[in-house]
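A look at the structure
Listed below, chain by chain, are the residues.
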Amino acid sequence: MEKKQIPGEDARRRRVRRLKKGIVLSVLVWMLFPVVLSGVLFHKVNALNRQLTDTQESLQQLLEAAVQGQEQISEPGQDTAPQLSRTESRVEAPVAGAGGMEGLADSLTAQQEAPQAAHKVYLTFDDGPSKYTEDILDILDAYDVKATFFVLGKEDEHSIEMLREIARRGHTIGMHSYSHKYADIYSSLEAFSADYYRIYSYILENTGIQSTCYRFPGGSSNTVSDLDMQIFADFLEEQEVVFYDWNISSGDAGSTLLDVDTLVENATADISKRGTSIILMHDAASRPTTVEALPEIIENILAMEDTVILPITEDTTPIQHIHKSE
Ligand code: ZN
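One structure accompanies this document, and this report is about it.

Attention shifts here to the overall build of the chain. Tallying secondary structure elements over the chain gives 9 helices and 8 strands in all. By the burial criterion, 44% of the 326 residues in the chain qualify as buried. Considering only contacts in the chain between residues 6 or more positions apart, those separated by 24 or more positions represent 78%. A total accessible area of about 17600 Å² is found for the chain, and carbon and sulfur atoms account for 55% of it.

Here the zinc ion is held by the protein donor atoms Asp-127 (OD), His-176 (NE2) and His-180 (NE2), which lie 2.1 Å from it. Read from N- to C-terminus, the donor residues coordinating the zinc ion fall into the pattern D-x48-H-x3-H. One end of the pair, Asp-127, is in strand β1 (residues 119-128); the other, His-176, is in the loop between β3 (172-175) and α5 (182-185), and 49 residues separate them in sequence. Given the relative accessible area of 14%, Asp-127 is considered buried. Overall, His-176 belongs to the buried group, its relative accessible area being 2%.

What follows is about a negative patch on the surface. On the surface, Glu-155, Asp-156, Glu-157, Glu-161 and Glu-205 cluster together into a negatively charged patch. Here Glu-157 lies in helix α4 (residues 157-168).

Right, let's get into a nonpolar patch on the surface. A grouping of Leu-19, Ile-23, Val-24, Val-27, Leu-28 and Met-31 is seen on the molecular surface, where their side chains present a nonpolar patch of about 590 Å² in accessible area. Position of Leu-28 relative to the elements: it lies in helix α1 (residues 9-74). For Leu-28, a relative accessible area of 45% gives the class partly exposed.

Bringing the packing of aromatic side chains into the picture now. This model, assessed by the stated rule, comprises 16 aromatic pairs. On the basis of an interplanar angle of 40° and a centroid distance of 5.8 Å, the ring pair of Phe-192 and Phe-216 is categorised as tilted. Here Phe-192 is found in helix α6 (residues 189-207), whereas its partner Phe-216 is found in the loop between β4 (213-214) and α7 (229-238), with 24 residues between them in sequence. Accessibility classification places Phe-192 together with Phe-216 in one group, the buried group. One aromatic cluster in this structure is built from Tyr-182, Tyr-186, Phe-192, Tyr-196, Tyr-197, Tyr-200, Tyr-214, Phe-216, Phe-232, Phe-235 and Phe-243. Above the ring of Tyr-178, the side-chain terminus of Arg-198 is found at 3.9 Å from the ring centroid.

With that settled, consider the pairing of strand β2 (residues 148-151). By the alternation rule, side chains of β2 split into Thr-148 and Phe-150 and Phe-149 and Val-151, which are all buried. In terms of strand pairing, β1 meets β2 through 4 bridges, oriented parallel. Across the sheet, Phe-125 pairs through a bridge with Phe-149, a residue of β2. Tracing the backbone out of β1, into helix α3 (residues 133-142) and back to the parallel element β2 gives a crossover that is right-handed.

What the rule picks out here adds up to 8 salt bridges. Of the charged contacts, one joins Arg-169 and Asp-138 as a salt bridge, the two residues approaching to 2.8 Å between their closest N and O atoms. With Arg-169 in the loop between α4 and β3 and Asp-138 in helix α3, the pair connects residues that are 31 residues apart, well separated along the chain. Look at Asp-138 and you get partly exposed, because its relative accessible area is 39%. In this structure, the salt-bridge partner of Arg-169 is Glu-165, at a minimum N-O distance of 2.9 Å. For the residue pair Arg-169 and Glu-165, the accessibility class agrees, reading buried in each case. Here the residues in one salt-bridge network are Glu-134, Asp-138, Asp-141, Glu-165, Arg-168 and Arg-169, joined through shared partners.

Scoring rules and cut-offs
- Residues numbered from 1 in each chain as written.
- Predicted model: local features only at pLDDT ≥ 70, side-chain atom pairs only at ≥ 80, totals over all residues.
- Heavy atoms only, no water.
- Helix = DSSP H or I, 4+ residues; strand = E, 2+ residues; numbered from the N terminus.
- Buried < 20%, exposed > 50% of the residue type's maximum accessible area, 1.4 Å probe, protein only.
- Contact = heavy atoms within 4.5 Å.
- Areas by Shrake-Rupley, 256 points an atom, 1.4 Å probe, with all protein chains shown as cover.
- Donors = N, O, S within 2.8 Å, 3.2 Å for Na, K, Ca; no water.
- Patch = residues over 30% accessible without salt bridge, like charges linked within 9 Å, V, L, I, M, F, W, Y side chains within 5 Å.
- Salt bridge = Lys/Arg side-chain N within 4 Å of Asp/Glu carboxyl O.
- Lys, Arg positive; Asp, Glu negative; His and termini not counted.
- Charge placed at Lys NZ, Arg CZ, Asp CG, Glu CD.
- Phe/Tyr/Trp six-rings, centres within 6.5 Å; stacked < 30°, edge-to-face > 60°.
- Lys NZ or Arg CZ within 6 Å of the ring centre and 35° of its normal.
- Pairing = 2+ DSSP bridges.
- Right-handed = clockwise from strand over helix to strand, strands pointing away.

Below, the structure is given as structure tokens:
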């Protein structure tokens with residue numbers, strides 16, 4: 001059967017097709033519009049959230065600074081903190097920062113983060129300053145990480161410049177004896193205290209920081225000292241100074257130079273098993289592989305779940321070999 005051609009039907013069909021196209025197009029537009037809109041809104045909300053977080057953080061820091069200031073005024077000479085509690089040094093030490101407020105802000109940020117993470121990791125560098133100090137500082141800066149340097153009394157111009165740089169960049173400066181000569185330091189309490197006052201003054205004179213943490217050369221469990229190490233530990237306690245050993249050794253102090261992979265493995269393997277990890281490393285001219293391994297060590301730690309890298313502060317749980325605290 002042949003369909004009868006009605007005049008004007010072609011034009012009508014074309015109109016219908018155009019109409020259909022129009023409807024499909026507008027439906028598509030109306031479907032896309034909310035998607036695009038929510039994308040834009042999502043971005044805006046995110047940006048606002050970031051601004052809000054930043055504002056909250058600075059407000060929190062200001063508040064805590066004010067509270068600390070009040071504590072200092074209302075409780076002169078009274079120690080409320082259990083550990084590194086030298087009242088007058090609370091603001092400047094233990095997190096260095098020669099610039100006072102800058103150091104304080106860093107310290108507060110660290111303290112705020114501290115309770116939130118299940119695993120707290122402290123990178124510590126002994127025996128510096130050295131020719132590698134600046135490299136180490138640059139790496140730490142690149143990852144925005146703060147560490148602790150247990151320094152020796154080195155009077156040359158470069159060492160003093162580096163000591164100040166450690167402080168300026170907001171890391172914690174701890175004492176590791178002035179001379180590092182085990183036989184001298186551990187020969188008597190008099191010798192130990194004389195050395196202690198030298199390193200304490202060296203740091204104070206060059207950075208303005210009253211250091212409140214100490215690492216015994218060889219650790220508190222060293223076998224060099226003929227005297228009971230407790231005698232020296234008691235002396236430090238009288239000075240309201242806390243000593244820190246380590247529970248993870250990178251192994252970088254041995255007679256053979258370890259390769260990067262071994263250092264990374266040593267430094268990071270046990271972190272997830274512990275609440276507090278204090279990692280022993282060295283800032284020393286004879287230890288180039290420590291510097292080479294440091295970026296990977298930090299990257300591995302930062303990739304671990306619920307783990308944070310912090311400088312030692314008065315909130316840090318000390319690891320002490322002679323007290324077998326962990
Ligand atoms: Zn040492």
